[in-house]
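# Observations on the three-dimensional arrangement
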Amino acid sequence: MYRTTGLHHLTAIASDPQRNITFYAGTLGLRLVKQTVNFDDPSTYHLYYGDAGGTPGTILTFFPWPTARRGRVGVGQVAETQLAIPRGALAFWIERLTSHHVAFEGPTPRFDNEMALTFTDLDGLPIALIATDSAAALPSDEGVVPAAFAIRGMHAVTLWVHRVEPTALVLTAQLGFREHAKNGAVTRFAIDDAELGAFVDVRELPTGASGAGGAGTVHHVAYRATDDATEFGLRAQITEAGLSITEQIDRTYFRSMYFREPGNILFELATDAPGFTIDEPYDALGRTLQLPSKYEHLRAELSERLPVLQLPTDAGTRA
């Protein structure tokens with residue numbers, strides 16, 4: 001059986017791109033590892049955040065449409081994005097969120113003695129910082145947030161569905177997760193040897209209202225495929241289960257396939273390679289606009305249309 005090695009990235013919808021950078025690269029201290037454009041709509045940015053190198057499992061990405069209407073989180077969506085912090089970083093984040101005027105709840109206990117701080121970003125996207133022992137040993141370069149307290153990457157996503165069983169079957173039989181624990185209406189699934197993004201929490205809401213896409217909601221969640229052979233093997237398993245999945249699509253930094261699981265949440269398979277240094281060096285990640293080859297001829301036009309972005313840590317802008 002082919003299986004994923006955990007979460008690869010999560011992509012959400014935002015509104016103002018500068019406000020998005022200020023929150024994720026400033027308040028949360030993630031590194032902006034790529035400024036590019038939406039491959040299907042080059043008139044808008046696609047922003048990628050993660051650890052210093054954009055390691056799979058640390059990546060949050062956003063489609064920022066300044067005119068996007070506010071979405072509604074509900075059934076059929078990723079309803080919460082969980083980010084791992086070391087257990088000893090909890091007090092630091094309580095102080096930091098308070099000083100940045102981010103209203104939060106917690107700390108509250110979750111699975112495996114985890115403690116959660118929950119809040120939303122400036123578009124209303126639900127986020128949880130999860131203090132967990134599993135984050136303690138993961139490396140992080142020094143940035144806006146001291147390395148000892150920095151976000152290590154994705155910990156889990158919470159899916160809201162009407163019925164847990166069909167989604168659980170995809171996670172276990174097609175993607176290789178196992179059922180890990182239950183807490184009321186929430187079932188946790190795990191990839192045992194994943195250092196990052198090891199968990200998917202599925203909450204069953206039989207009469208819950210369906211979500212509506214827009215700013216502050218998740219567009220899709222991606223799962224890691226270590227290489228092309230694994231990705232095509234996963235694709236075969238998904239196809240054999242009667243689900244429709246796309247052909248492989250080159251996204252420059254990884255190769256992707258997309259399908260909807262039975263709860264109507266959009267899943268992606270994404271390869272680990274080639275990574276974010278394919279078109280700019282490690283030390284310069286995220287500082288300049290990078291375009292896929294099919295849009296390179298539009299660079300002058302796009303540079304004129306897209307707003308200049310300011311990084312919180314310096315005066316650098318895109319070229």
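The structure we're discussing is the one just above.
One structure accompanies this document, and this report is about it. All figures in this text were calculated on a predicted structure; none of them were measured in a lab.

What follows concerns the overall build of the chain. Counting secondary structure elements, the chain contains five helices and 16 strands. Relative to the globule expectation of 20 Å for 319 residues, the C-alpha radius of gyration of the chain, 19 Å, shows essentially globular dimensions. Taking the principal axes of the C-alpha coordinates as reference, the chain spans close to 50 × 45 × 35 Å. Classification of the 319 residues of the chain by burial places 55% in the buried group. When contacts within the chain are restricted to residue pairs at least 6 apart in sequence, those whose partners lie at least 24 apart make up 67%.

This part takes up the side chain of histidine 220. Within the fold, histidine 220 resides in strand S13 (residues 218-225). Here histidine 9 takes part through its side chain, which lies 3.5 Å from a polar atom of the side chain of histidine 220. Side-chain polar atoms of histidine 220 contact the side chain of histidine 219, separated by 2.8 Å. Setting aside residues up to four positions removed in sequence, histidine 220 forms contacts with His9, Leu10, Thr11, Tyr258, Leu266 and Glu268.

Across the sheet, which stays open at both edges, the eight strands sit in the order S6-S7-S8-S5-S9-S12-S11-S10 with mixed pairing between neighbours. Either end of the sheet is taken by a strand with one partner, and the two such strands are strand S6 (105-109) and strand S10 (178-183). For this sheet, the mean angle separating the axes of adjacent strands, direction not counted, is 25°. Taken strand by strand, helix H2 (residues 90-99) contacts strand S5 (77-86), S6, strand S7 (115-120) and strand S8 (126-132), and its axis lies near 20° from that of S7.

This part covers unusual backbone geometry. In this model, glycine 106 is joined to proline 107 through a cis peptide bond whose omega is 10°. Within the fold, proline 107 resides in strand S6. Note that the residue after alanine 273, namely proline 274, is joined by a cis bond; omega there is 10°. Along the chain, proline 274 turns up in the loop between strand S16 (266-271) and helix H5 (299-305). At asparagine 264, a residue that is not glycine, the phi angle is positive and equals roughly 75°. Within the secondary structure, asparagine 264 sits in the loop between strand S15 (255-260) and S16.

Mapped onto the elements, lysine 34 comes out in strand S2 (residues 31-38). Separated by 2.6 Å, the side chains of lysine 34 and aspartate 279 make a polar contact. Discounting chain neighbours no more than four positions away, the residues touching lysine 34 are His46, Leu47, Tyr48, Tyr253, Phe276, Asp279, Glu280, Leu285, Gly286 and Gln290.

On to the nonpolar core, then. By size, the foremost hydrophobic cluster in this structure holds 74 residues, and its most contacted members are Tyr24, Trp93 and Phe267. Counting residues per element, this core draws most heavily on strand S9 (residues 153-161), which supplies five residues.

So, on to the environment of glutamine 290. Tracing the backbone shows glutamine 290 in the loop between S16 and H5. The contact partners of glutamine 290, leaving out residues within four places of it in the chain, are Lys34, Gln35, Thr36, Val37, Tyr253, Asp279, Glu280 and Arg299. Only 3.3 Å separates the side chain of glutamine 290 from the side chain of glutamate 280, close enough to count as a polar contact. At a separation of 2.8 Å, a polar atom in the side chain of glutamine 290 contacts the side chain of threonine 288.

Right, let's talk about the sheet that holds strand S4 (residues 59-64) for a bit. The eight strands are arranged S2-S3-S4-S1-S13-S16-S15-S14 in an open sheet whose pairing can be described as mixed. Each edge of the open sheet carries a strand with a single partner, namely S2 and strand S14 (249-250). In the packing of helix H1 (residues 17-27) onto the sheet, contacts are made with strand S1 (7-14), S2, strand S3 (41-50) and S4, and the angle to S3 comes to roughly 5°.

To continue, consider the pairing of S3. Two faces belong to every sheet, and in a regular strand the side chains alternate between them. Burial analysis of S3 places eight of its ten residues in the buried class, which makes it a mostly covered element. As paired strands, S2 and S3 are joined by seven bridges and run antiparallel to one another. Residue pairing for S3: valine 37 is matched across the bridge by tyrosine 45. Connecting S2 to the next strand, S3, in antiparallel fashion are two residues. Examined bridge by bridge, S3 and S4 share three bridges and lie antiparallel to one another. In the strand pairing of S4, tyrosine 48 is matched with threonine 61.

Procedures and definitions
- Residues numbered from 1 in each chain as written.
- Predicted model: local features only at pLDDT ≥ 70, side-chain atom pairs only at ≥ 80, totals over all residues.
- Heavy atoms only, no water.
- Helix = DSSP H or I, 4+ residues; strand = E, 2+ residues; numbered from the N terminus.
- Rg over C-alpha atoms; globule rule 2.2 N^0.38 Å.
- Buried < 20%, exposed > 50% of the residue type's maximum accessible area, 1.4 Å probe, protein only.
- Contact = heavy atoms within 4.5 Å.
- Polar contact = N/O pair within 3.5 Å; in protein donor to acceptor, adjacent residues only side chain to side chain.
- Pairing = 2+ DSSP bridges.
- Axes fitted to C-alpha atoms, helices over the stretch in contact; angles between N-to-C directions.
- Core = buried A, V, L, I, M, F, W, Y, C linked by side-chain atoms within 4.5 Å.

All quantities given are derived from atomic positions and should not be read as evidence of function.
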